[in-house]
Amino acid sequence: MLRREDRQREILRKLKPGENHAIGRLAQDLAVSEETIRRELRVLAARGDVVWTHGAVQLAVVSNEGPLDRRMQENVAEKGRIAAAAAEYVRDGDTIFIDAGTTACFVARRLASVRQGLKVITNSLVVAETLGGRNGNTLFLAGGELDYDYRAFSDHVAQAYIAQFTPHLAILTVGGVHPDHGLMDRHAREAVMSRIVYERADRVLLAADHTKFGRLGLIRTASPEEVDILVTDAPLDEAHAQAFRRANVVIAP
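These notes cover the structure that comes with them. Everything numeric in this text was worked out from a predicted model, so none of it was measured.

Notes on the overall build of the protein
If you tally the helices and strands in the protein, you get 10 helices and 17 strands. Rg of the C-alpha trace for the protein: 20 Å, near the compact-globule value of 18 Å for 253 residues, within the 12% margin. Per-residue burial for the protein yields a buried fraction of 50% across its 253 residues.

A word on the sheet that holds strand β12 (residues 182-185)
Across a sheet, strands are paired by hydrogen bonds formed along the backbone, either parallel or antiparallel in direction. The strand order β11-β12-β15 describes an open sheet built from 3 strands, whose pairing is antiparallel. Edge positions in the sheet fall to β11 (176-178) and β15 (219-222), since each of these pairs with one other strand and no more. If you compare each strand with its neighbour and ignore which way they point, the axes differ by 40° on average. Pairing of β12 with β15, which is carried by 3 bridges, proceeds in the antiparallel orientation. Bridge pairing links M184 to R220 in β15. Contacts from helix α9 (residues 188-200) reach β12 and β15, with the element oriented near 20° to β15.

What about the pattern of salt bridges?
Where charged atoms from two side chains of opposite charge approach closely, those side chains can pair. Under the criterion given, the structure shown has 10 salt bridges. Of the charged contacts, one joins R38 and E34 as a salt bridge, the two residues approaching to 3.2 Å between their closest N and O atoms. Taken as a pair, R38 and E34 lie in helix α3 (residues 34-46) at a separation of 4 residues, close to a single helical turn. A relative accessible area of 28% means that R38 is categorised as partly exposed. The shortest N-O distance in the salt bridge between E238 and R245 comes to 2.8 Å. Among the charged side chains, a network of salt bridges with common partners joins E10, R13 and K14.

Thresholds applied
Residues numbered from 1 in each chain as written. Predicted model: local features only at pLDDT ≥ 70, side-chain atom pairs only at ≥ 80, totals over all residues. Heavy atoms only, no water. Helix = DSSP H or I, 4+ residues; strand = E, 2+ residues; numbered from the N terminus. Rg over C-alpha atoms; globule rule 2.2 N^0.38 Å. Buried < 20%, exposed > 50% of the residue type's maximum accessible area, 1.4 Å probe, protein only. Pairing = 2+ DSSP bridges. Axes fitted to C-alpha atoms, helices over the stretch in contact; angles between N-to-C directions. Contact = heavy atoms within 4.5 Å. Salt bridge = Lys/Arg side-chain N within 4 Å of Asp/Glu carboxyl O.

Here you go:
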């Protein structure tokens, strides 16, 4: 009989990316009971290796974001469409928070050309450079230790600074969105920053392109109920659409 660790490795070996695998089939393949398979899946799901729902299991698609400059070149058209739609929820003179995600940087670019008199709170150097010192905007930039990959500040100093503000609207991005596990990130400090803003903002606009849906990150940051507006670039599948509709989230465009 296989040891637990060997059985878990065998389960992962049998799963194929993007394919659901029935629990009964796994039990037959490994010659064990379905309850034994469920016990191993609980461990694998807790580690983030698999997603297990409705009697089937699949490998987790993990968000693996690289340095900012490289990520800024990915899905450019999609992020541009999201930015244009997101900007429609911002009015001249609003107090807004914008995070350090690449889609948020695209939103900042759009706002620089269509809005003025904004009070912009951010932890992103890119957002600060894009919106600060123009159109009568006022900039509040968190400081602390700079994360060079993200070109952003998100340590405890930055977190304490951001916690002082209550923006009218927070424009947040995400590492992954899953219908059962919620909103997730792979960067621990950015995840904490997001949680602070979810608590402090009057409204939250989540800007996420289609590649983020169905992904798992390392750390859960929020649930769909904490989002007010979801702006994405493609229709959601039914599972994700239901999760956000149940939470009464406005889905745009």
